Amino acid sequence: MNSIAKIAEWTDICAVDDVPLRGARRVRLAGMEVGVFRNASGRVFAIDNQCPHKQGPLSEGIVHDTSVTCPLHSLVIDLETGKARGEDEGCVKTFEVALQSGRVLIKMEA
Ligand code: FES
């Protein structure tokens, strides 16, 4: 069935409740660090945890609306697109997220 093939593309990375509101956590996965973020309205995002500027840990930044501000030099990353906001440049990888039975799943590339 088609749905079985689709499920195989998703990886369970943590419980939704493991990610604080307006906060984040870091997950190591397949040799990389993924930052998992939950904003004030409960939306969950997953992006590469390394800031494109100087690899600051984005999961330690401040989450606001649909963005995170890097804790090192305040680059603001759009959590939906992974792109730096405003005049700044840079982009991080984003992952498609699904919430299922209280768990956070991200879509991994085959
Ligand atoms: S490392 Fe993130 S803004 Fe410099």
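Refer to the structure above for everything that follows.
Computed from a predicted model, the values in this text were never measured in an experiment.

A. Geometry of unusual backbone geometry. The phi dihedral of Ala30 falls on the positive side, at around 50 degrees, and the residue is not glycine. Checked against the element boundaries, Ala30 lands in the loop between β2 (23-29) and β3 (32-38). The backbone phi angle of Ser101 is positive, close to 50 degrees, even though this residue is not glycine. Turning to its location among the elements, Ser101 is positioned in the loop between β9 (97-100) and β10 (103-107). C-beta crowding within 10 Å serves as the criterion here: with 8 such atoms nearby, Ser101 is assigned to the exposed category.

B. A look at the sheet that holds strand β4 (residues 44-48). In spatial order, the strands read β2-β3-β4-β8; together these 4 strands make up an open sheet with antiparallel pairing. The open sheet has two edge strands, β2 and β8 (94-95), and neither has a second partner. Bridge analysis of β3 against β4 gives 5 bridges, and the strand direction is antiparallel. Paired with Val36 across the two strands is Ala46, which belongs to β4.

Thresholds, definitions, all that
Residues numbered from 1 in each chain as written. Predicted model: local features only at pLDDT ≥ 70, side-chain atom pairs only at ≥ 80, totals over all residues. Helix = DSSP H or I, 4+ residues; strand = E, 2+ residues; numbered from the N terminus. Buried ≥ 20, exposed ≤ 12 C-beta atoms within 10 Å, placed from the backbone. Pairing = 2+ DSSP bridges.

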